[in-house]
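These are the residues of each chain, in order.
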Amino acid sequence: MTFCYKHLLAVVTFSILSTSLSANDKDKKIPALPVIDSTTVYQEFLIDESDDLMENHPAGDIYNNIWTSTKLNPYKMPIDSLPDSIRIDLSQFKVPVKGHITSKFGPRRYRYHYGTDIKLFTGDSVVSSFSGKVRITDYDRRGYGNYVVIRHDNGLETVYAHLSKVLVELDQRVEAGETIGLGGNTGRSTGSHLHYEIRFLGNAMNPEKIIDFEQGSPFMHEYLITKNESFYYQKAVKAMAAAKYYKIKSGDNLGRIAARNGTSVRALCRLNGISPKKTLRIGQRIRVR
Ligand SMILES: [Zn+2]
């Protein structure tokens, strides 16, 4: 059964409004209406423990009842503060779309790729990996395109991006294997594919270490999240954030670039995987740190 908080909120607001409008006799003292801040009401619904959607929902505790449709990672939970190990039940997993991997989780030229790209055709059904509740449906022109974020009962969150069509609504309850949208090529995407992410408390994990995409099933029925293994990539992310690039100008050579940036030709070559004899092109970017 799905239950829409927004509609309920609208009903509450409307009934307050209609009460005050019907009191058209100005002289007659009407009892003061309690001031209800709509955000507070909404928050109360969300943290209401009798909420049947979150009942027996371990994710509710893990996420400290933070539920927002505006941010992919509102938790800002540093890896160090995570519990040492968390067991995640993967037994009901359904592969979001059958297809081969076109781009892996890992570093890209100047940024990090926090998901796994799977080839599909525009219009192919994309399904939810596990049961859960839709937390975000949004459109991000420069990034994800049309995308959906689902909070799962097992504690994970998954992201489905570049969809041509979203078929679920915010706060909607979904089952494992239920179609949530159609594949596409929206946002920053070249060629139809699904960008698929698996996150825990906002932190991305490498889906290829959890799911065997060739088989369309998890490697194990249970996945043990540990700081070192599940978030191994964070060191690389920090190194990338610290990386500095230099744009090659007319008259530059490796020696001059090294001197100007307080490094050596050897270090430049190692960092960029190039030979000291490499021909430099004006406008090209070279990593100096
Ligand atoms: Zn991607």
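Since this is a predicted model, take the numbers as computed values, not measurements.

**Student:** Looking at this structure, I do not really get the coordination of the zinc ion. What am I missing?
**Tutor:** Ideal coordination angles are 109.5 degrees for a metal with four donors arranged tetrahedrally and 90 or 180 degrees for a metal with six donors arranged octahedrally. Distances from the zinc ion to its protein donors, His113 (NE2), Asp117 (OD) and His195 (ND1), fall within 2.0 to 2.1 Å. We note that the donor set of the zinc ion lies within a single chain, spaced as H-x3-D-x77-H. Of this pair, histidine 113 sits in strand β4 (residues 112-113) while histidine 195 sits in strand β13 (residues 193-200), and the two are 82 residues apart along the sequence. A relative accessible area of 6% places histidine 195 in the buried class.

**Student:** For this particular structure, what's the right way to read unusual backbone geometry?
**Tutor:** You will see that histidine 162, though not glycine, has its phi angle at about 70 degrees, which is positive. Relative to the elements of secondary structure, histidine 162 occurs in strand β9 (residues 157-163). Classification of histidine 162 by relative accessible area gives buried; the value is 4%. The backbone of leucine 201 sits at a positive phi, close to 50 degrees, despite the residue not being glycine. Relative to the helices and strands, leucine 201 resides in the loop between β13 and β14 (203-205).

**Student:** Before we go on, may I ask you to explain the sheet that holds strand β12 (residues 179-182) in this structure?
**Tutor:** The strands that make up a sheet are held in pairs by hydrogen bonds between backbone atoms, and each pair lies either parallel or antiparallel. Within the open sheet, the three strands sit side by side as β6-β12-β10. Their pairing is antiparallel. The sheet is open, and its two borders are formed by β6 (125-127) and β10 (165-166), each paired with just one other strand. Pairing between β10 and β12: two bridges, direction antiparallel. Directly across from valine 166, in β12, lies its bridge partner glycine 181.

**Student:** I would appreciate a short explanation of the pairing of strand β7 (residues 132-140) in the present structure.
**Tutor:** Two faces belong to every sheet, and in a regular strand the side chains alternate between them. Pairing of β7 with strand β11 (residues 173-174) involves two bridges; the strand directions are antiparallel. Within β11, the position partnered with glycine 132 by the bridge is valine 174. In this structure, β7 lies alongside strand β8 (residues 145-152), joined through eight bridges in antiparallel fashion. The partner of tyrosine 139 across the bridge, within β8, is asparagine 146. Counting the residues that bridge the hairpin from β7 to β8 gives four residues.

**Student:** What's the story with the confidence of the model for the chain in this structure? I'm lost.
**Tutor:** Parts of the prediction with low pLDDT should not have their coordinates interpreted in detail. Looking at the chain as a whole, its pLDDT mean stands at 81, while 79% of the residues score no less than 70. Overall, residues 1-28 carries pLDDT values under 50, and its contacts beyond four positions in sequence, including any with other chains, amount to 24 contacts. Counting interchain partners and residues more than four positions distant, the pLDDT-below-50 stretch residues 31-57 has 32 contacts.

Analysis parameters
Residues numbered from 1 in each chain as written. Predicted model: local features only at pLDDT ≥ 70, side-chain atom pairs only at ≥ 80, totals over all residues. Heavy atoms only, no water. Donors = N, O, S within 2.8 Å, 3.2 Å for Na, K, Ca; no water. Helix = DSSP H or I, 4+ residues; strand = E, 2+ residues; numbered from the N terminus. Buried < 20%, exposed > 50% of the residue type's maximum accessible area, 1.4 Å probe, protein only. Pairing = 2+ DSSP bridges. pLDDT = per-residue confidence, 0-100. Contact = heavy atoms within 4.5 Å.

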